[in-house]
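What follows is the residue order along each chain.
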Amino acid sequence: MSDSVQRSVDIAIVGGGLVGASLACALTPYIDRHGLEVAVIEAAPLPSTSATPYQPSFDARASAIALGSQQRFTAFGLWSALAEHAEPIRTIHVSERGRWGAARLHAHELGVDALGHVIPNAWIGRVLHQHLERLSLQWHCPARVESITAQAGGHRLVLSDGSDLTAALTVLADGGRSGLKEALGIDSQASSYEQTAVITTVEVSRPHGGVAYERFTPAGPLALLPLRGQRMELVWTHPQGSEQGRLGLADGDFLAALQRTFGDRVGRFRRLGQRHHYPLSLVTAEEPVRPGLAVLGNAAHALHPVAGQGFNLALRGVTDLVAALEHGLARGQSPGDISLLKDFEHRRMVDRHNVIRFSDGLIRLFGIDHPLLSHARAAGLVGLNMVGPLRRTLARRAMGIER
Ligand SMILES: Cc1cc2nc3c(=O)[nH]c(=O)nc-3n(C[C@H](O)[C@H](O)[C@H](O)COP(=O)(O)OP(=O)(O)OC[C@H]3O[C@@H](n4cnc5c(N)ncnc54)[C@H](O)[C@@H]3O)c2cc1C
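Residues numbered from 1 in each chain as written. Predicted model: local features only at pLDDT ≥ 70, side-chain atom pairs only at ≥ 80, totals over all residues. Heavy atoms only, no water.

Asker: Go over the overall build of the chain with me, naming the residues and quoting the values.
Answerer: Counting its secondary structure elements, the chain contains 12 helices and 20 strands. Intrachain contacts of the chain at a sequence separation of at least 6 include 74% that bridge at least 24 residues. Carbon and sulfur atoms provide 52% of the accessible area of the chain, an area that totals close to 17100 Å². (Helix = DSSP H or I, 4+ residues; strand = E, 2+ residues; numbered from the N terminus. Contact = heavy atoms within 4.5 Å. Areas by Shrake-Rupley, 256 points an atom, 1.4 Å probe, with all protein chains shown as cover.)

Asker: Go over helix H8 (residues 251-262) with me, naming the residues and quoting the values.
Answerer: Along its 12 residues, H8 runs 16 Å from first to last C-alpha, staying within 8% of the 16 Å computed at 1.5 Å per residue. For H8, the full list of buried residues reads Phe254, Leu255, Ala257, Leu258, Gln259, Thr261 and Phe262. Where H8 is buried, its residues contact strand S12 (188-204), strand S13 (211-217), strand S14 (220-227), strand S15 (231-239), helix H7 (243-247) and strand S16 (269-272). The first or second residue beyond H8 is glycine 263, which carries a positive phi of 85 degrees. (Expected span 1.5 Å × (residues − 1). Buried < 20%, exposed > 50% of the residue type's maximum accessible area, 1.4 Å probe, protein only.)

Asker: Account for the confidence of the model for the chain, with residues named and values stated.
Answerer: Model confidence for the chain is summarised by a mean pLDDT of 87, while 85% of its residues fall at 70 or above. Across residues 49-55, where pLDDT falls below 50, the model places 6 contacts with residues more than four positions away in sequence or in other chains. (pLDDT = per-residue confidence, 0-100.)

Asker: Can you break down the pairing of S15 residue by residue, with the values?
Answerer: Within S15, 7 of the 9 residues are buried, which leaves the element mostly enclosed by the surrounding structure. Direction of pairing for S12 relative to S15: antiparallel, over a ladder of 9 bridges. Bridge pairing links glutamine 195 to proline 239 in S15. Note: S14 against S15, 6 bridges, orientation antiparallel. Within the sheet, the bridge partner assigned to leucine 227 lies in S15 and is arginine 231. (Pairing = 2+ DSSP bridges.)

Asker: Got a sec to walk through the pairing of strand S17 (residues 276-285)? Specific residues and values, please.
Answerer: Most of S17 sits out of view: 7 of its 10 residues are buried. Pairing between S12 and S17: 10 bridges, direction antiparallel. Within S17, the position partnered with isoleucine 199 by the bridge is histidine 276. Of the pairings in the sheet, the one linking S17 to strand S20 (residues 301-302) comprises 2 bridges and is antiparallel in character. By the bridge assignment for S20, valine 283 is matched with alanine 302.

Asker: Outline unusual backbone geometry, listing residues and values.
Answerer: Residue proline 142 is bonded to the preceding cysteine 141 through a cis peptide linkage, with omega at -5 degrees. As for its position among the elements, proline 142 is in the loop between strand S8 (138-140) and strand S9 (145-151). For glutamate 194, which is not glycine, the phi dihedral falls at a positive 55 degrees. Within the secondary structure, glutamate 194 is located in strand S12.

Asker: Requested: an account of empty space enclosed by the protein, with residues and values cited.
Answerer: Taken as a whole, this structure holds 2 cavities of 30 Å³ or more when the rule is applied. Estimated volume of the largest cavity: approximately 80 Å³. If you trace the largest cavity, you find 13 residues lining it, with Leu296, Ala300, His301, Arg348 and Arg352 closest to the centre. Going through the elements one at a time, helix H9 (310-330) and helix H10 (338-367) are the ones with two or more residues in the lining of the largest cavity. Looking at the lining of the largest cavity, the element that brings in the most residues is H10, giving 4 residues. In the lining of the largest cavity, the residues fall into 7 nonpolar, 3 polar and 3 charged. (1 Å grid on protein atoms, 1.4 Å probe; cavity = no way out; pocket = protein on both sides within 12 Å on 5 of 7 lines; lining within 4 Å. Points joined across faces, edges and corners; volume = space filled by probe spheres on them. Nonpolar A, V, L, I, M, F, W, Y, C, P; charged D, E, K, R; others polar.)

Asker: Please provide a residue-by-residue account of the nonpolar core, values included.
Answerer: In terms of nonpolar packing, the biggest core is built from 47 residues, with Ile11, Ile13, Leu23, Leu27, Val38, Phe73 and Leu82 touching the most fellow members. The element contributing the most residues to this core is H9, with 8 residues. The two domains that each donate at least three residues to this core are domain 1 (6-54 + 122-189 + 281-360) and domain 2 (71-120 + 193-280 + 369-398). Sequence-distant contacts of leucine 27, defined by excluding residues within four places in its chain, comprise Ile11, Ile13, Leu36, Val38, Val322 and Leu325. Ranked by size, the runner-up nonpolar core spans 26 residues in total, among them Ile89, Ile92, Leu227 and Val355. (Core = buried A, V, L, I, M, F, W, Y, C linked by side-chain atoms within 4.5 Å. Domains from an automatic or database assignment.)

Asker: If you had to explain the sheet that holds strand S3 (residues 62-66) to someone new, which residues and values would you point to?
Answerer: The 3 strands are arranged S3-S7-S4 in an open sheet whose pairing can be described as antiparallel. Each end of this open sheet is capped by a strand with a single partner; those strands are S3 and strand S4 (87-89). Neighbour-to-neighbour, the strand axes of the sheet open up by a mean angle of 30 degrees, direction not taken into account. Here S3 runs beside strand S7 (residues 116-120); their pairing, made up of 5 bridges, is antiparallel. The residue of S7 that forms the bridge with alanine 66 is glycine 116. Helix-sheet contacts for helix H5 (residues 121-133) involve S3 and S7, and the interaxial angle to S7 is about 85 degrees. (Axes fitted to C-alpha atoms, helices over the stretch in contact; angles between N-to-C directions.)

Pasting the structure below:
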């Protein structure tokens, strides 16, 4: 699309990744019924329209989608399509290498069929984007927001496709790496975990039975999530720098190293998919809202993937933002009205704080190599098996229904 005339929209969503595209889908009723003008700007070409299929949000990863997120996608009318490639998580198994303690959280104890589902990101992307194609919104892709400036009544966005937009509300869902947040003077608190996650898909020789494994090792946590068939998604954390050795291994050597680290709970590790790696940090934006602006998803909070919470947390942000917009629009407010946005931020604060404390706390607790502490952790994991209410609280958090 090429357009040099300045155009006004009610809402501009910067980034059509997991979070930006989900927000656009959640806005469907307002676009359809109330004529809300929405623009989505996504820098990377979509796989179907590009010879280079890499798209940062919808790459080879698979995401653990909590029960609460499933309920949200159901409300957006997208769950039945997502479910086509979703594998249920029936049990979460948490253990520490070299220690006898292990905790198991079962779906049936909570009276639910599944604690969550694992869905390939590429499939989530396909479902979201196919839905967006049916909506009457401005879809700028591939187009990058090159500059953003505050002006009366909102922000002005200049796009790499030549478009010039003014938006009453701009939602930054750009993953936080584009420099736009910084250009607006929004600071972030960032601390590196000095770890890198290596992700890939592995084929296993025994049926996984819907078990998601979280195994803490001295080098960092390792997660194996159930996928359709006898395949699992591996998220294997390494101390920063050491992942290069692992990435460079021949497939057979990589599988042997994984077998040594994880053991044989799922039998033999057989085939391996493509490997990707992600440096891990905890990043939080210090000013998630200001007049005419809201920051969402990784741009607002990038977490350690240990507990599979980042996207689930962001999706709760999406529904809270839509709820605040609905309330504000009904009162005749502009979508960028600061009191509406503060209402949204007020709803988010506690949830965000709790999830960050939970996932960051896990990393710090299991990252401390002290004999006394590791005995306490083992006792804690065993104790967790015996204490019903605590286990249920943990399971509810994993399901995204405990805030
Ligand atoms: C290894 C790993 C495993 C994970 N597993 C889970 C899990 O199991 N469950 C879970 O809930 N979470 C998980 N997460 C977290 C989850 O992936 C993130 O929360 C999610 O990707 C955030 O999505 P986003 O849309 O905010 O950002 P991104 O995924 O980074 O997307 C941002 C989008 O904005 C676009 N963009 C950037 N700059 C511009 C610009 N200037 N103009 C226009 N477009 C732009 C990019 O092209 C991109 O498409 C995991 C993360 C990692 C690293």
